[in-house]
Amino acid sequence: MSPPPVSPRKRLYLLHRWIGLVVGSLGALVLFSGTLAIFAAELREWSVREPLRPPAIDAPGFDLDRIHRSVVEDLDPPLHHHVDFVQDAGGLLQVTALNPETGTGVAVDFDPATLETIERHEGPASEFHPADPRDALVDFVIDLHVFLSIPGALGLLTTGMVGLGLLISLVSGFVAHSPTWAKMKRAPRTRRSRLWFGDWHTLVGTWTLPFALVLATTGAFFSMSSIVLRPAISMSAFHGDPNALVQALIATPVPPPGPGQASLDPMLRDALSRNERAQLRRVQLRDWGTPEARATLTLETEHWTGDTRHVLTYDGHEGQILRDHPYLGSTPSFGGRVLHLVDELHFGTLLGLPTKLLWFLSGLALCGVASAGLLVFVSRQRDPSALVTRVMRGLAVATSVGLPVAVVLGTAGWALACTTGAWPPATAVRVGFFAGLAFMGVVGIRWALRPALLGATIASGIALCTMPLWALLANGGPSAVMRAETGTMLVDVAWWIAGLGMVACAGRAMARRRARAATHRGPRPASST
Amino acid sequence: MSRPRSLARQAVSCLTVSLLFALVVVSGATQYLPPGAANIDHVVVPLVAFPLVWVAFATYTFGARDRRRAWLVATAITMVHAAFIAHGVSS
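Conventions we followed
- Residues numbered from 1 in each chain as written.
- Chains lettered and ligands numbered in written order.
- Predicted model: local features only at pLDDT ≥ 70, side-chain atom pairs only at ≥ 80, totals over all residues.
- Helix = DSSP H or I, 4+ residues; strand = E, 2+ residues; numbered from the N terminus.
- Buried ≥ 20, exposed ≤ 12 C-beta atoms within 10 Å, placed from the backbone.
- Contact = placed C-beta atoms within 7 Å.
- Expected span 1.5 Å × (residues − 1).
- Nonpolar A, V, L, I, M, F, W, Y, C, P; charged D, E, K, R; others polar.
- Pairing = 2+ DSSP bridges.
- Axes fitted to C-alpha atoms, helices over the stretch in contact; angles between N-to-C directions.
- Parallel < 35°, antiparallel > 145°, perpendicular 65-115°, else oblique.
- Left-handed = near helix turned anticlockwise from the far one by under 90°.
- Core = buried A, V, L, I, M, F, W, Y, C linked by C-beta atoms within 7 Å.

1. So, the overall build of chain A
Along the backbone of chain A there are 18 helices and eight strands. Overall, chain A is about 110 × 65 × 40 Å in size when its C-alpha atoms are taken along their principal axes. Every one of the 529 residues in chain A was classed for burial, and the buried ones make up 39%. When contacts within chain A are restricted to residue pairs at least 6 apart in sequence, those whose partners lie at least 24 apart make up 67%.

Here you go:
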């Protein structure tokens, strides 16, 4: 006699459990690093303490044509065709003249306050602006989020699978847990840790469901688009030419051929008059000095409710505007708006700082949901000494409250590498992070669940409080305090709040446990004298 | 013991085959969706919808009460889109 068929709900519950084990461990790394990456720009300022420089266009006597001439006048003609002016927020003005065929050229760094030349490089483009070793910390966070520290296409494929796994985990979890309004209002029961983990998983998982759906869908799209989707779509819609797809999306305008060469300053003034309070970020001269000459100006308007980017292309002969670029494509379109929305929803930039903060808190909550799911699985195992249970317990501890310890060890490795120069900082931060994860995993394997979680929470809390010290060490010690901007100090305060909060949570859990133990023992019998 | 193993095998096959089905469907959809003013809508919309198409196929083929019917429907949808791709590539 064959066994009765398993109901659809039971099947989806099992799927939720299996996928959840993978998403709860690997996905926790992607989610946690993505949560930190929301504030990547602020973390970069915190880890690389350089004075913020003013916009170059505010410098007295700023003249784009004069800067252009000063860079290219002594160069061979092939280097005149391809020139870039770049000034990131608070950075130097960098001008590059490059021969795209040989990959060599000249780069000149200007002080944006005085417009004096600071440095001039000649040679291969890869040697123009070597990466600051202090950037390795934030680069690692982004690499972990996008590639899970796995090189190349395999890394993208892995994070894409994690995104799809999170998506089906959400759908199957919704069916399996059947959230009701009553469940959504119920506080997690504190009687037993297993009940608390389960209730927390359902409660927070339900409230963060829309956010998680958005993140999983957009994240899977971003990871899969370049390695899987682009070749497939190119084959069906562009006769197998991936460049045709990219051209359709970017839609670079080509001006009608003409003689002469336009001045850059009138273009800049026109672009600024169209976008008040915008700052110049980039000027790209392409095919300059040829019949197809064009200049593309990128400006950015900064606001606490969100930065706006404006891209305008001008004819290189008459200086007439060819296109005020939409986000994608040649003209505003439904597809362009959809992709812009996907971008804003994934990175939390929809409404600027408010949505970034909301995304950050929701991201942390989602990490908690994934960890709580793993902890439910571990606490349901009948034999706590079985190998599978111990390994899962190690994973659960390492990818939940153990993660901050790994972050701090990675940061410590980065700071020591920046100070001593003994190892490349990129290697040091990677080794420190994964050593921290492994250490927390061993704690989870060797200790029982409750003491392991408590110990890891206290260790994480104390470790997080040391984060400002590591940033100071990487930036030359106490003198870096004087270079701290307001944003940098806010990041320091955030680390302390997180650290003290974790210690306070652990203390509260210990007090609750002691109180419960005292209740179970009951009142001491009165001594008979 | 054999039941969970059999279900796990079914889950793996549903998830992986759904990936292939979703890839065919989004590629085929570029052939009939309107291109829009910028000539990119027919490309962008299927690209963005890919994860949702995949999760719909995976949930339907694994969680349906009548799984045989679910597979038939999913395969039929995929075949129609494969025909669209063949038409687009040959024209």
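Read on for the rest.
2. Considering helix H18 (residues 486-521) of chain A
All names here are of chain A. Between its first and last C-alpha atoms H18 spans 52 Å; for 36 residues at 1.5 Å apiece the expected length is 52 Å, and the two agree. Taken together, the buried positions of H18 are occupied by Thr488, Val491, Trp495, Gly499, Met502 and Ala506. Next to the buried residues of H18 lie helix H2 (40-47), helix H16 (449-465) and helix H17 (467-474).

3. Here's the deal with the environment of leucine 31 of chain A
Residue and element names in this part refer to chain A. Checked against the element boundaries, leucine 31 lands in helix H1 (residues 8-37). Distance in space between the C-alpha atoms of leucine 31 and glycine 163 is 9.7 Å, their sequence separation being 132 residues. Beyond its immediate chain neighbours, meaning those up to four positions away, leucine 31 contacts Gly363, Leu366, Cys367 and Ala370.

4. As for the interface of chain A and chain B
Counting residues at the interface gives 41 residues for chain A, matched by 36 residues for chain B. Mapped by element, the contributors of at least two residues to the side of chain A that touches chain B are H1, helix H5 (152-177), helix H8 (209-237), helix H9 (242-250) and helix H11 (334-347) of chain A. Top element by residues in the side of chain A that touches chain B is H8 of chain A. It accounts for twelve residues. Looking at side-chain class alone, the side of chain A that touches chain B contains 29 nonpolar, eleven polar and one charged residues.

5. Some remarks on the pairing of strand E6 (residues 294-301) of chain A
Residues and elements named next belong to chain A. The pairing of strand E5 (residues 279-286) with E6 spans seven bridges and is classified as antiparallel. By the bridge assignment for E6, arginine 286 is matched with arginine 294. Summarising the sheet, E6 and strand E7 (residues 308-315) pair through eight bridges and their orientation is antiparallel. The residue of E7 that forms the bridge with leucine 299 is histidine 310. Hairpin connection of E6 to E7: six residues between the antiparallel strands, including glycine 306 at a positive phi of 130°.

6. Things to note about the packing of H8 of chain A against helix H2 (residues 41-63) of chain B
As a packed pair, H8 of chain A and H2 of chain B sit with axes 9 Å apart at the nearest point and diverge in direction by 130°. Classified by the interaxial angle, the pair formed by H8 of chain A and H2 of chain B is oblique. Seen from above, H8 of chain A lies across H2 of chain B with right-handed handedness. Between H8 of chain A and H2 of chain B, the contacting residues are Thr217, Ala220, Phe221, Met224, Ser225, Leu229, Ile233 and Ala237 of chain A on the first element and His42, Val43, Leu47, Val48, Phe50, Pro51 and Leu52 of chain B on the second. In the contact of H8 of chain A with H2 of chain B, the residues fall into twelve nonpolar, three polar and no charged.

7. A look at the nonpolar core
Counting residues in each nonpolar core, the largest one holds 119 residues, and the members touching the most others are Leu167, Val397, Trp414 and Ala456 of chain A together with Leu47 of chain B. Ignoring any residue separated from it by four or fewer positions in sequence, one finds tryptophan 414 of chain A in contact with Ala136, Leu137, Pro425, Ala428, Val429, Gly432 and Ala474 of chain A. Counting 31 residues, the second-largest nonpolar core is a separate cluster that includes Leu285, Trp288, Ala295 and Tyr314 of chain A.

8. Details of unusual backbone geometry
Residue and element names in this part refer to chain A. Look at histidine 239: it is not a glycine, yet its phi comes out positive at around 50°. Mapped onto the elements of the fold, histidine 239 is located in the loop between H8 and H9. In this model, arginine 277 sits at a positive phi of 65°, which is unusual for a non-glycine residue.

9. Topic: the sheet that holds E7 of chain A
Residue and element names in this part refer to chain A. Strand order in the open sheet made by the eight strands is E4-E3-E2-E1-E5-E6-E7-E8, with antiparallel pairing throughout. The two strands at the open ends of the sheet, each matched to only one other strand, are strand E4 (117-124) and strand E8 (321-325). When strand polarity is set aside, the average angle formed by the axes of neighbouring strands in this sheet is 15°. Helix-sheet contacts for helix H3 (residues 64-72) involve strand E1 (83-86), strand E2 (93-99), strand E3 (104-110) and E5, and the interaxial angle to E2 is about 50°. Packing against the sheet, helix H10 (residues 264-274) makes contact with E5, E6, E7 and E8, and its axis sits at approximately 35° to E6.

10. Remarks on the pairing of E7 of chain A
All names here are of chain A. Where E7 meets E8, four bridges bridge the pair, whose relative direction is antiparallel. Looking across to E8, one finds that leucine 312 is bridged to aspartate 324. Linking E7 to E8, which pair antiparallel, is a turn of five residues; within it glycine 319 sits at a positive phi near 75°.

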